[in-house]
Amino acid sequence: MKKSLMPILLIVILVLSACGSKAQQDEHNEEMEVGHEKHLPNGDLQEVTASATELPKFLADKPEDMQLVYQVAASASDVLTYMPCYCGCGESAGHGSNLNCFVDEIREDGSVVWDDHGTRCLVCLEIAVKSVQMKQEGKSLKEIREYIDETYNEGYAKPTDTPMPA
């Protein structure tokens, strides 16, 4: 009986050790300097630029529309911080909101830690675009959040643990 559990236990240990917590990722972000990039255990690539107006190199070969979504996401952090993502990135990447699919952190000095997760995920892109679009139409954060939750609550992954807007 013990021998049959050994391979399963080994697999579980390997899987758990490969998953980095958000706190561990945040610690590493402090060490990253402008112009540097790193791969996270979940497969995401992060890169630091001096400001939100300077896009990361990982977007250079991406479609112009995707680059625009990244620019908008960085400038709409006040909106996307309150919008959950329904792609499963809360569990797989430790994301706290849809913003984290594009931007991990906007630092006090204005530098930005970008995340390439959104380049591989249509759900992330859709939520960001719709949220910003609704904000431009004059919708409140609460109205936008209700729309996102209603639209993605069935047939999608568990949402990120995102705080509700006031």
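Not measured: the values here are computed from a predicted model. (Residues numbered from 1 in each chain as written. Predicted model: local features only at pLDDT ≥ 70, side-chain atom pairs only at ≥ 80, totals over all residues. Heavy atoms only, no water.)

Once that is clear, we can look at the overall build of the protein chain. Tallying secondary structure elements over the protein chain gives seven helices and four strands in all. Overall, the protein chain shows an N-to-C arrangement of helices and strands of α-α-β-β-α-α-α-β-β-α-α. Looking at the 166 residues of the protein chain, the share that counts as buried comes to 39%. Contacts spanning at least 24 positions in sequence make up 61% of the contacts within the protein chain whose residues lie at least 6 apart. (Helix = DSSP H or I, 4+ residues; strand = E, 2+ residues; numbered from the N terminus. Buried < 20%, exposed > 50% of the residue type's maximum accessible area, 1.4 Å probe, protein only. Contact = heavy atoms within 4.5 Å.)

What the four strands build is an open sheet, ordered S1-S2-S4-S3; its pairing is antiparallel. The open sheet has two edge strands, strand S1 (37-39) and strand S3 (103-106), and neither has a second partner. Taking each pair of neighbouring strands and ignoring which way they run, the sheet shows an average axis angle of 15°. Pairing geometry for S3 and strand S4 (residues 112-115), over three bridges, is antiparallel. (Pairing = 2+ DSSP bridges. Axes fitted to C-alpha atoms, helices over the stretch in contact; angles between N-to-C directions.)

So, on to the confidence of the model for the protein chain. Put simply, the protein chain has an average pLDDT of 85, and 81% of its residues get 70 or more. The low-confidence segment residues 1-29, where pLDDT is below 50, has 18 contacts with residues more than four positions distant or belonging to other chains. (pLDDT = per-residue confidence, 0-100.)

What follows is about the packing of helix H3 (residues 64-75) against helix H6 (residues 122-136). Contact pair H3 / H6: the axes reach a minimum separation of 10 Å and the direction vectors enclose 60°. The pairing of H3 with H6 is recorded here as oblique in orientation. Considering only the axes of H3 and H6, their crossing is left-handed. In contact with Met 66, Val 69 and Val 72 of H3, H6 contributes Leu 125, Ala 128, Val 129 and Val 132. Classifying every residue of the contact of H3 with H6 by side-chain character gives seven nonpolar, no polar and no charged. (Parallel < 35°, antiparallel > 145°, perpendicular 65-115°, else oblique. Left-handed = near helix turned anticlockwise from the far one by under 90°. Nonpolar A, V, L, I, M, F, W, Y, C, P; charged D, E, K, R; others polar.)

Turning to the packing of H6 against helix H7 (residues 141-152), a few remarks are in order. When two helices pack together, their arrangement is captured by the angle between the axes and the distance separating the axes. It is at 10 Å that the axes of H6 and H7 come closest, and there the two elements cross at 150°. Of the two possible hands of crossing, H6 and H7 adopt the one that is right-handed. Residue-level inspection shows Val 123, Glu 126, Ile 127, Lys 130, Ser 131, Met 134 and Lys 135 of H6 in contact with H7, the latter providing Glu 143, Ile 144, Tyr 147, Ile 148 and Tyr 152. Grouping the amino acids of the contact of H6 with H7 by side-chain chemistry returns seven nonpolar, one polar and four charged.

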